[in-house]
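Analysis of the macromolecular model
So you can see what is in the structure, the chains are spelled out below.
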Amino acid sequence: MKIAKTVLVTALVSCTLISGCRDDNKAVTIEFMHSSVEQERQAVINQLIERFEKENPGIVVKPVPVEEDAFNTKVITLARTGALPAVMEVSHDYAKVLDKEQLLDRNAVAKAITDTGEDQFYDGVLRIVRTEDGKAWTGAPISAWLSGIWYHKDALAAAGIAEPHNWEELLAASKTFNDPAKKKFGIALPTAESVMTEQAFSQFALSDNANVFNSKGEISLDTPEMHSTLAFYRDLAATTMPGSNDVMEIKDAFMNGSAPMAVYSTYILPAVYKEGKPQNLGFMVPTQTGPAVYGMVTSLTITSGLEKQQTEAAEKFVTWMEKPQNSADWVMMSPGAALPMTKGVVNTATWKNNEVIQAFGQLPYELISQYPNIKVFGAVGDKNFTRMGDVTGSGVISAMVNAATVGKKPIEPLLADGQKRLDTLVKQP
């Protein structure tokens, strides 16, 4: 799920949250807000809820499906009226915003994770959902999508090119393939002023230890490491399609063969599977001083201000959802695109016998093995700075990348201006 990183209005902090659910003395009712509005996905979630209610008599779960584009507005409205659902599906970045506004129950989330078993989550997963102070979690991870560099194996083999393992090899491979006169390009690379461009750029930056924040929570954009990253990204962009490229342009170029490599998320897998060439898909990770994978983690979180019975019911529901079979059913709503967060999922028949997972062979497992390499802007050690949402919302980073690649503007003033703008932004209350 890719939820916009819009920061909630400050007024929400003072909201008094009371449950919008009723206790009829027979059962405690909790609401579960999720973004799976598609009919077939709602059917899966409704079946999960039915199983949970059967196994947990006395608890009623009311599903509240909400379109992703309307999610932020819905949360603001519900928080103002004191009727936030007890359990919500959220991305890790949006969960940081909710935590900042004190809308999450840290203790309840911790209990759900502890009851699931911290050791049941893959290494590196819980680090992504750490709170800014590093002392708690913002949600219990249930699925994720990853981004990296995808390539057509046959194209690299035909050109006699081995899989690149660092920036230099990647750029050399992309230059070899690049032939604009024939409408052929080396790599499909995001360059538009968009969140996708920031995400793609972040992988390269973090692979060279360049981050937007330092360990003190200060902006660290104008650094030698960020300079070298932006210079490399500009050189790599010289081998991509002209203009400002975003989601559709990247996917189309890779799928129609105009570019044998692309920076995209695991949501490319369903398209490749439908095309009928899953074994031809390869994956590599941006690497300079170290590897860096961009990942978006979806969690189930528990809101604050609930009555004790509702909090306990929410904890049970989230813990139950993390069980291997239930989590597998959730993940398999998007086979290949969404990946599991807990180890038991891959041992279920639901995972092992899925035709998409089987078609890609070892690739899904290779993707899962990248969890320790997930790195995101604003995460430094065990700290996840909430102001990163403001940074992304400002569009400063993607505008800088667009100006350097499409606009061909010099790097030094772009970094200096970006540093100044972000310094001003984070100093605002």
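All right, on to the overall build of the protein then. A count of helices and strands for the protein gives 19 helices and 10 strands. The globule rule puts the C-alpha radius of gyration for 429 residues at 22 Å, and the 22 Å found for the protein is close to it. Contacts spanning at least 24 positions in sequence make up 78% of the contacts within the protein whose residues lie at least 6 apart. Working note: accessible area of the protein is about 17,600 Å², and carbon and sulfur atoms make up 50% of it.

For helix 8 (residues 195-206), with 12 residues, the first-to-last C-alpha span of 16 Å sits near the 16 Å given by 1.5 Å per residue. With 11 of its 12 residues buried, helix 8 lies for the most part within the structure. Inspection of helix 8 places Met196, Thr197, Glu198, Gln199, Ala200, Phe201, Ser202, Gln203, Phe204, Ala205 and Leu206 among the buried residues, and these make up the whole buried set.

Scanning the entire structure with this criterion turns up 8 salt bridges. Among the charged side chains, a network of salt bridges with common partners joins Asp99, Arg106 and Asp133.

The subject of this paragraph is the environment of Val125. Along the chain, the position of Val125 falls in helix 5 (residues 125-128). Sequence separation of Val125 and Glu38 is 87 residues, and the distance between their C-alpha atoms is 27 Å. In this structure, Val125 is in contact with Pro141, Met341 and Tyr371, ignoring residues within four places of it in sequence.

Note on placement: Gln419 falls in helix 19 (residues 411-427). Given the relative accessible area of 15%, Gln419 is considered buried.

What follows deals with the side chain of Ser174. Along the chain, the position of Ser174 falls in helix 7 (residues 167-177). What makes Ser174 buried here is its relative accessible area of 0%. Discounting residues that sit within four places of it in the chain, Ser174 has contacts with Gly186, Ile187, Leu236, Thr239 and Met261.

We now examine the environment of Trp145. For Trp145, the position within the fold is in strand 4 (residues 140-152). Spatially, the C-alpha atom of Trp145 lies 21 Å from that of Thr191, the residues being 46 residues apart in sequence.

To continue, consider the packing of aromatic side chains. Ring pairs (aromatic) are described by centroid distance and by the angle formed between their planes. Within this structure, the stated rule accounts for 15 aromatic pairs. Considering the side-chain rings of Trp150 and Phe283, the 4.6 Å spacing of their centres and the 50° angle between planes classify their relative orientation as tilted. Here Trp150, found in strand 4, pairs with Phe283, found in strand 6 (residues 281-284); they are 133 residues apart in sequence, far enough to count as distant. In terms of burial, Trp150 and Phe283 fall into one category: buried. Ring centres 5.7 Å apart and planes at 75° place the aromatic pair Phe204 and Tyr233 in the edge-to-face group. A residue pair is termed long-range when its members are at least 10 positions apart, and Phe204 in helix 8 and Tyr233 in helix 9 (residues 224-237) qualify at 29 residues. Residue Tyr233 is classed as buried on the basis of its relative accessible area, which comes to 0%. Aromatic ring contacts, followed pair by pair, group Trp167, Phe201, Phe204, Phe232, Tyr233 and Phe377 into a single cluster.

So, on to the pairing of strand 6. Within a regular beta strand, the side chains point alternately toward one face of the sheet and then the other, so they alternate between its two faces. Side chains Leu281 and Phe283 of strand 6 all project onto a buried face; the interleaved residues Gly282 and Met284 project onto the opposite face, where all are buried too. Strand direction decides the pairing type here: strand 4 and strand 6, joined by 4 bridges, are antiparallel. Bridging across to strand 6, Tyr151 finds its partner in Gly282.

Take Val28: it is sitting in strand 1 (residues 28-34). You can call Val28 buried: its relative accessible area is 11%. Note: C-alpha distance between Val28 and Val60 (32 residues apart in sequence) is 6.1 Å. Aside from chain neighbours lying at most four places away, what touches Val28 is Gly58, Ile59, Val60, Gln309, Gln310 and Ala313.

Counting buried residues along strand 1, 7 of its 7 residues qualify, which places the element largely inside the surrounding structure. Alternating residues of strand 1 divide into Val28, Ile30, Phe32 and His34 and Thr29, Glu31 and Met33, and every residue in both groups is buried. Pairing analysis gives 7 bridges linking strand 1 to strand 2 (residues 59-65), with the strands arranged parallel. Paired with Val28 across the bridge in strand 2 is Ile59. Following the chain from strand 1 across helix 1 (residues 39-55) to the adjacent parallel strand 2, one finds a crossover that is right-handed. Relative to strand 3 (residues 87-91), strand 1 is paired through 2 bridges, and the arrangement is parallel. Paired with Phe32 across the strands is Val87, a residue of strand 3.

Closest axis-to-axis distance for the helix 9/helix 19 pair is 10 Å, and the angle between their directions is 125°. In this view, helix 9 runs oblique relative to helix 19, as classed from their interaxial angle. For the element pair helix 9 and helix 19, the recorded crossing hand is right-handed. Packed against helix 9, whose contacting residues are Met226, His227, Leu230, Ala231 and Arg234, the element helix 19 presents Ile411, Glu412 and Leu415 at the interface. When grouped by side-chain class, the residues that make up the contact of helix 9 with helix 19 number 5 nonpolar, 1 polar and 2 charged.

Rules of the game
Residues numbered from 1 in each chain as written. Predicted model: local features only at pLDDT ≥ 70, side-chain atom pairs only at ≥ 80, totals over all residues. Heavy atoms only, no water. Helix = DSSP H or I, 4+ residues; strand = E, 2+ residues; numbered from the N terminus. Rg over C-alpha atoms; globule rule 2.2 N^0.38 Å. Contact = heavy atoms within 4.5 Å. Areas by Shrake-Rupley, 256 points an atom, 1.4 Å probe, with all protein chains shown as cover. Expected span 1.5 Å × (residues − 1). Buried < 20%, exposed > 50% of the residue type's maximum accessible area, 1.4 Å probe, protein only. Salt bridge = Lys/Arg side-chain N within 4 Å of Asp/Glu carboxyl O. Phe/Tyr/Trp six-rings, centres within 6.5 Å; stacked < 30°, edge-to-face > 60°. Pairing = 2+ DSSP bridges. Right-handed = clockwise from strand over helix to strand, strands pointing away. Axes fitted to C-alpha atoms, helices over the stretch in contact; angles between N-to-C directions. Parallel < 35°, antiparallel > 145°, perpendicular 65-115°, else oblique. Left-handed = near helix turned anticlockwise from the far one by under 90°. Nonpolar A, V, L, I, M, F, W, Y, C, P; charged D, E, K, R; others polar.

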